[in-house]
Amino acid sequence: MTHRAYLSLAIPLIISTITTPLLGAVDTAVVGQLSDPAYIGGVAVGTMIFNTMYWLFGFLRVSTSGFAAQAHGAQDSKQCFFYLVRPFLIASAIGLTFILFQWPIKHAALTLIDPDEKVTAFADEYFSIRIWGAPFVLANYVILGWLIGISRVKTSLFLQVFMNLSNIALDLLFVNILHQDVKGVATATFISEAAAFLLGMYIVLKLSKIRLSAIFHSKLWNLGELKKMMAVNRDLFIRTICLLAVLNVFTARGASFGTEILAANAVLIQIHYIMAYFLDGFANASSILVGKAVGTNDETLYKRTLSLSSQWAVISPLFMMLIYILFKDSIISVFTKNQEVIELASSYSIWITIFPLAASFGLILYGVFTGATVTAPIRNSMLISLALYIVFLLIFIPVLHNHGLWLAFIVFSLGRSLFLAMYVSTLNRTLFQK
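Before going into details, it helps to say that this report is about the structure given with it. All values reported here derive from a predicted model rather than from experimental measurement.

**So, the overall build of the protein**
Next, step 1: Looking only at helices and strands, the protein features 18 helices and zero strands.
Next, step 2: Taken over C-alpha atoms, the radius of gyration comes to 21 Å for the protein, in line with the 22 Å a tight globule of 434 residues would show.
Next, step 3: Seen along its three principal axes, the alpha-carbon backbone of the protein occupies a region of about 60 × 45 × 35 Å.
Next, step 4: The proportion of buried residues among the 434 residues of the protein is 59%.
Next, step 5: For the protein, restricting intrachain contacts to residue pairs at least 6 apart in sequence, the fraction spanning at least 24 positions comes to 84%.
Next, step 6: In the structure as shown, the protein presents an accessible area of about 17500 Å², 69% of it carried by carbon and sulfur atoms.
Next, step 7: Here the protein contributes 28 positively and 20 negatively charged side chains, and the mean placements of these two sets differ by 18 Å.

**Quick look at the pattern of salt bridges**
Next, step 1: According to the stated counting rule, one finds six salt bridges in the structure shown.
Next, step 2: Put simply, Arg 61 and Asp 280 hold a salt bridge, and the shortest N to O gap is 3.6 Å. Here Arg 61 is found in helix 4 (residues 59-73), whereas its partner Asp 280 is found in helix 12 (residues 259-296), with 219 residues between them in sequence.

**Here's the deal with a nonpolar patch on the surface**
Next, step 1: Where nonpolar side chains cluster on the molecular surface, the patch consists of Phe 319, Leu 322, Ile 323, Leu 326 and Phe 327 and spans about 480 Å² of accessible area.
Next, step 2: Residue position: Phe 319 is located in helix 13 (residues 299-335).

**Looking at the packing of aromatic side chains**
Next, step 1: For the coordinates displayed, the defined rule picks out 21 aromatic pairs.
Next, step 2: Judged by centre distance (5.8 Å) and plane angle (70°), the rings of Phe 57 and Phe 98 are edge-to-face. Note that Phe 57 is positioned in the loop between helix 3 (37-55) and helix 4 and Phe 98 in helix 5 (residues 77-100), a separation of 41 residues in sequence.
Next, step 3: For Phe 98, a relative accessible area of 11% corresponds to the buried category.
Next, step 4: An aromatic cluster of at least three residues, connected via ring pairs, comprises Phe 50, Tyr 54, Phe 57, Phe 59, Phe 98, Tyr 126, Phe 127 and Phe 237.
Next, step 5: Stacked on the ring of Phe 50, the Lys or Arg Arg 130 has its end atom at 4.7 Å from the ring centre.
Next, step 6: A cation over a ring is seen here: Arg 239 above Tyr 366, with NZ or CZ 4.2 Å from the ring centre.

**What about the packing of helix 12 against helix 13?**
Next, step 1: In the contact formed by helix 12 and helix 13, the axes pass within 10 Å of each other and the chain directions differ by 165°. Between helix 12 and helix 13, the crossing angle belongs to the class labelled roughly antiparallel. Between helix 12 and helix 13 lies a crossing whose hand is right-handed.
Next, step 2: In terms of residue class, the contact of helix 12 with helix 13 is built from 20 nonpolar, five polar and one charged.

**As for helix 17 (residues 402-421)**
Next, step 1: Helix length check: helix 17, at 20 residues, gives a terminal C-alpha distance of 29 Å against a target of 28 Å (1.5 Å per residue), a fit within 8%.
Next, step 2: With 15 of its 20 residues buried, helix 17 lies for the most part within the structure.

**Considering the packing of helix 1 (residues 3-18) against helix 9 (residues 153-177)**
Next, step 1: For the pair helix 1 and helix 9, the least separation of the axes is 8 Å and the interaxial angle reads 20°. In terms of orientation, helix 1 lies roughly parallel with respect to helix 9. Read as a crossing pair, helix 1 and helix 9 show a hand that is left-handed. Residues Leu 9, Pro 12, Leu 13, Ile 15, Ser 16 and Thr 17 of helix 1 lie in contact with helix 9, whose contacting residues are Val 153, Ser 156, Leu 157 and Gln 160.
Next, step 2: Of the residues in the contact of helix 1 with helix 9, the class split is six nonpolar, four polar and no charged.

**Some words on helix 18 (residues 424-431)**
Side chains that are three or four residues apart share a direction in an α-helix, a result of its 3.6 residues per turn.
Next, step 1: When helix 18 is considered as a whole, its buried residues turn out to be Val 424, Leu 427 and Leu 431. Seen along its axis, helix 18 keeps its buried residues to an arc of 55°; they face one direction.
Next, step 2: Along its buried surface, helix 18 packs onto helix 12, helix 13, helix 15 (349-371) and helix 17.

**A closer look at the environment of Leu 405**
Next, step 1: Relative to the helices and strands, Leu 405 is located in helix 17.
Next, step 2: Judged by its relative accessible area of 0%, Leu 405 falls in the buried class.
Next, step 3: The sequence separation of Leu 405 and Arg 253 amounts to 152 residues, and the corresponding C-alpha distance is 7.7 Å.
Next, step 4: The contacts of Leu 405, once residues within four sequence positions are left out, are Phe 250, Arg 253, Gly 254, Phe 257, Asn 265, Tyr 389, Leu 393 and Ile 397.

**Here we look at the environment of Phe 278**
Next, step 1: Take Phe 278: it is sitting in helix 12.
Next, step 2: Residue class for Phe 278 comes out buried when judged on its relative accessible area of 17%.
Next, step 3: Expressed as a C-alpha distance, the spacing of Phe 278 and Pro 317, which sit 39 residues apart in the sequence, is 9.4 Å.

**Things to note about the environment of Val 85**
Next, step 1: Note that Val 85 resides in helix 5.
Next, step 2: Taking the C-alpha atoms as reference points, Val 85 and Trp 146, separated by 61 residues in sequence, lie 9.8 Å from one another.

The rules we used
Residues numbered from 1 in each chain as written. Predicted model: local features only at pLDDT ≥ 70, side-chain atom pairs only at ≥ 80, totals over all residues. Heavy atoms only, no water. Helix = DSSP H or I, 4+ residues; strand = E, 2+ residues; numbered from the N terminus. Rg over C-alpha atoms; globule rule 2.2 N^0.38 Å. Buried < 20%, exposed > 50% of the residue type's maximum accessible area, 1.4 Å probe, protein only. Contact = heavy atoms within 4.5 Å. Areas by Shrake-Rupley, 256 points an atom, 1.4 Å probe, with all protein chains shown as cover. Lys, Arg positive; Asp, Glu negative; His and termini not counted. Charge placed at Lys NZ, Arg CZ, Asp CG, Glu CD. Salt bridge = Lys/Arg side-chain N within 4 Å of Asp/Glu carboxyl O. Patch = residues over 30% accessible without salt bridge, like charges linked within 9 Å, V, L, I, M, F, W, Y side chains within 5 Å. Phe/Tyr/Trp six-rings, centres within 6.5 Å; stacked < 30°, edge-to-face > 60°. Lys NZ or Arg CZ within 6 Å of the ring centre and 35° of its normal. Axes fitted to C-alpha atoms, helices over the stretch in contact; angles between N-to-C directions. Parallel < 35°, antiparallel > 145°, perpendicular 65-115°, else oblique. Left-handed = near helix turned anticlockwise from the far one by under 90°. Nonpolar A, V, L, I, M, F, W, Y, C, P; charged D, E, K, R; others polar. Expected span 1.5 Å × (residues − 1). Arc of directions from axis to C-beta.

Given below as structure tokens:
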């Protein structure tokens, strides 16, 4: 496995995964061109609510990818298909539950965040439309995870690009032409999510060698396999709760500093998402290769993947830091034309500049561990990092205010990297015991 071979897998995955935050980023950018910062604040709060809901079940994509990669490496097509169907059924049930309980979810979220009245009205409007896409979003997680796991990277890329180009086009139509503001961006996102689901289902049915009637096969409900899947999903669920706790507290504390700082933080957090998903492309490449190595019991491939993952965890953040330093003003202005928000975002940009270096090892090694489906270290490292984040919040926000909030976030990101790296030697012994 050479750098070239690793990058030939990683680059399409980077392009694919970096489109994921564009649904929220495009929505934020489109309303950011409007005069009132309450628009961007409302969409930021609404997007945060959906990130909370959906990311809690992000394990549907990650675990599907890891298990599918191992089954694909072992050339077990039936088990590979089962690793699609099991999480798909779970995703459908969760999505419908979200729709049924939409009012208490919305009420609880807005009460907890407590933005000002105007921002609340726009967030309510945004939520009430996008919630109907919940089953499609979660099913898309499973479809994309499965496609990545079986190394259909270009297909996954096509599906995500289709969804985001649809979202961009519809955003511009509903907001710039039809002048529907927040309602327009929410409707555009809902339509693009539903369309991507329909296309994804068509692709999966074309690729699968086993028909949907296989869901009645007894092996699909094998207790041992279900326990294995649920153990991995439990750890990843806890990991996601930790991450969402950090982001939600971040947004809520930012809101307490006023609408303008909330909007500035929202712009920078969208940039952070793009950086994180850039790194996630390398994580997905590592996950596929580690899954293949485990499925074929190839220790050489595993060790080479771990080495390449570590090297690119150093190279890629340096590249992102350079790009952001050179084009900071242009990047921020993409998201908003409000001069006060631009100036505030620029004043806090140092934290976004150093974010990639702090987070890179944690994000890329995450792919190594999920590909191996060894997830307890991920859970443990996140719990420790969350505790560290809370300590820094309590100490530094009273002194540094919004800078203290960003400092705590960077310390959390660095903790994820350091604490997970400490488990690598244990993973090596677990996977290939002599």
